[in-house]
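The chain contents come next:
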Amino acid sequence: MKPQLLKVSTNLVHSFNARRDIMPNVNNHWHYHPEVELVYFKKGNGTQFIGDCITQFNTGDVVLVGSNLPHYWQFDGSYFNKEADVTADVSVVHFSENFWGDMFLELPENKEIKDVLKRSKRGIQITGANMMEIGNLIEKVIHAEGARKIILLMEVLLAIGDSAENNTLASMGFQHNFQESEKDRINAIYNYTIANFKKKISLEEIAAVANISPNSFCKFFKSRSRKTYSRFINEIRVGNACKLLINNQLNVKEICYDSGFYNFASFHKYFKEITGKSPLSYQKNYIK
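### Some details on the nonpolar core
Ranked by internal contacts, the top residues of the largest apolar core, which has 29 residues, are Leu38, Phe95, Trp100 and Ile160. The set of elements that each furnish at least two residues to this core consists of strand E4 (36-43), strand E7 (62-65), strand E9 (89-95), helix H1 (111-119), strand E10 (124-126), helix H2 (131-143) and helix H3 (147-162). Examining the composition of this core, we find that six residues originate from one element, H3, more than from any other. Not counting residues within four places of it along the chain, the set of residues in contact with Ile160 comprises Leu38, Leu64, Val116, Ile124, Ile126, Ile134 and Asn166.

### A short note on the pattern of salt bridges
One side chain can pair with another of opposite charge once the charged atoms of both are near each other. In this structure the tally under the stated criterion is twelve salt bridges. Its salt-bridge partner being Asp89, residue Arg20 comes within 2.9 Å of it at the nearest N-O pair. With Arg20 in strand E2 (residues 17-21) and Asp89 in strand E9, the pair connects residues that are 69 residues apart, well separated along the chain. With relative accessibility at 7%, the residue Asp89 sits in the buried group. Among the salt bridges present, the one from Lys199 reaches Glu205, with a minimum N-O distance of 2.9 Å.

### Focus: the packing of aromatic side chains
The full count for this structure, using the stated rule, is 23 aromatic pairs. Where Phe261 meets Phe267, the ring centres are 5.3 Å apart and the plane angle is 55°; that geometry is what we call tilted. Judged by its relative accessible area of 4%, Phe261 falls in the buried class. For the cation-ring pair, Arg185 lies above Phe220, with the distance from its terminal atom to the ring centre recorded as 5.4 Å. Lying across the ring of Tyr262, Lys200 places its NZ or CZ 5.1 Å from the centre.

Calculation notes
- By convention here, each chain's residues receive numbers from 1 onward along its written sequence.
- Local features in this predicted model are restricted to residues whose pLDDT is 70 or higher, and side-chain atom pairs enter the listing and the counts only when it is 80 or higher, whereas totals over whole chains, interfaces and linings include all residues.
- Calculated side-chain values reflect all of the structure's heavy atoms, with hydrogen atoms and water omitted.
- We call a set of buried Ala, Val, Leu, Ile, Met, Phe, Trp, Tyr and Cys residues a nonpolar core when their side-chain atoms join them within 4.5 Å.
- Each residue is placed in one exposure class: buried if its accessible area under a 1.4 Å probe, protein chains only, is under 20% of its type's maximum, exposed if it is over 50%, and partly exposed if it falls in between.
- Strands are runs of DSSP state E lasting at least 2 residues, helices are runs of H or I lasting at least 4, and numbering of each runs from the N terminus.
- In this analysis, two residues are considered to be in contact whenever any of their non-hydrogen atoms come within 4.5 Å of each other.
- The term salt bridge refers to a side-chain nitrogen of Lys or Arg lying within 4 Å of a carboxyl oxygen of Asp or Glu.
- Side-chain rings of Phe, Tyr and Trp, where Trp is taken by its six-membered ring, are said to pair if the distance between their centres is within 6.5 Å; with planes under 30 degrees apart they count as stacked, over 60 as edge-to-face, and otherwise as tilted.
- Criterion for a charge above a ring: Lys NZ or Arg CZ within 6 Å of the ring centre, and within 35 degrees of the ring normal.

Okay, here's the thing in structure tokens:
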């Protein structure tokens, strides 16, 4: 889907950008940039869009997004409620693949780093026991100065390369070469769906949002996103259900209806199709 090109700010003091964000609405739109992006969610929950992959992100997650791969993190609504006792704390690092010189990655000693950056073209999410270790290293990158800053970034990339527990996010065939004129239409579809996924959205309704005919909408959406609109909205609904299962405040049937499904059998079917597990198995595995 057509993302916006984002210009990452740089300065003369550092060769790459590293910062800490405590506001949940920083760059909260569908965008891409030539710089690689490394993110550590020390505090934060919501839905992440990486290429054509839609999943939940949670406190402790580490994600590496490759050059020009579109992405978007939408924090849960509670982070925008002034009365809610939740805060975001996110460490973000942006760097060009060749900021250390055109030949650096060609050195035989740096093959592992080069391989990690190649894999990041589809996005990498770190899972397992070493998430916290990598997250702590990312925080150190932000505060370090001089050569130590670059050394720590290399240590992060090596740790990601050594991690046996990680997921590739975007599909093998994902592409994002869209026309500039489609940007507003695609963003409108995304934003409307995220805001209204709990209710039934008819084809006529979403086609009107995109300002095209219902007959043209399905073909348009699938050609740009490589998935049907039905699949897209069900992924968002299942992502919401995952969050509610983890919170463990509602029973499974309540979660089904609160996530926009009006039929328990359909909820069970799509949940297993998208996550590979039944709702109860997903919840038990997470708690375990």
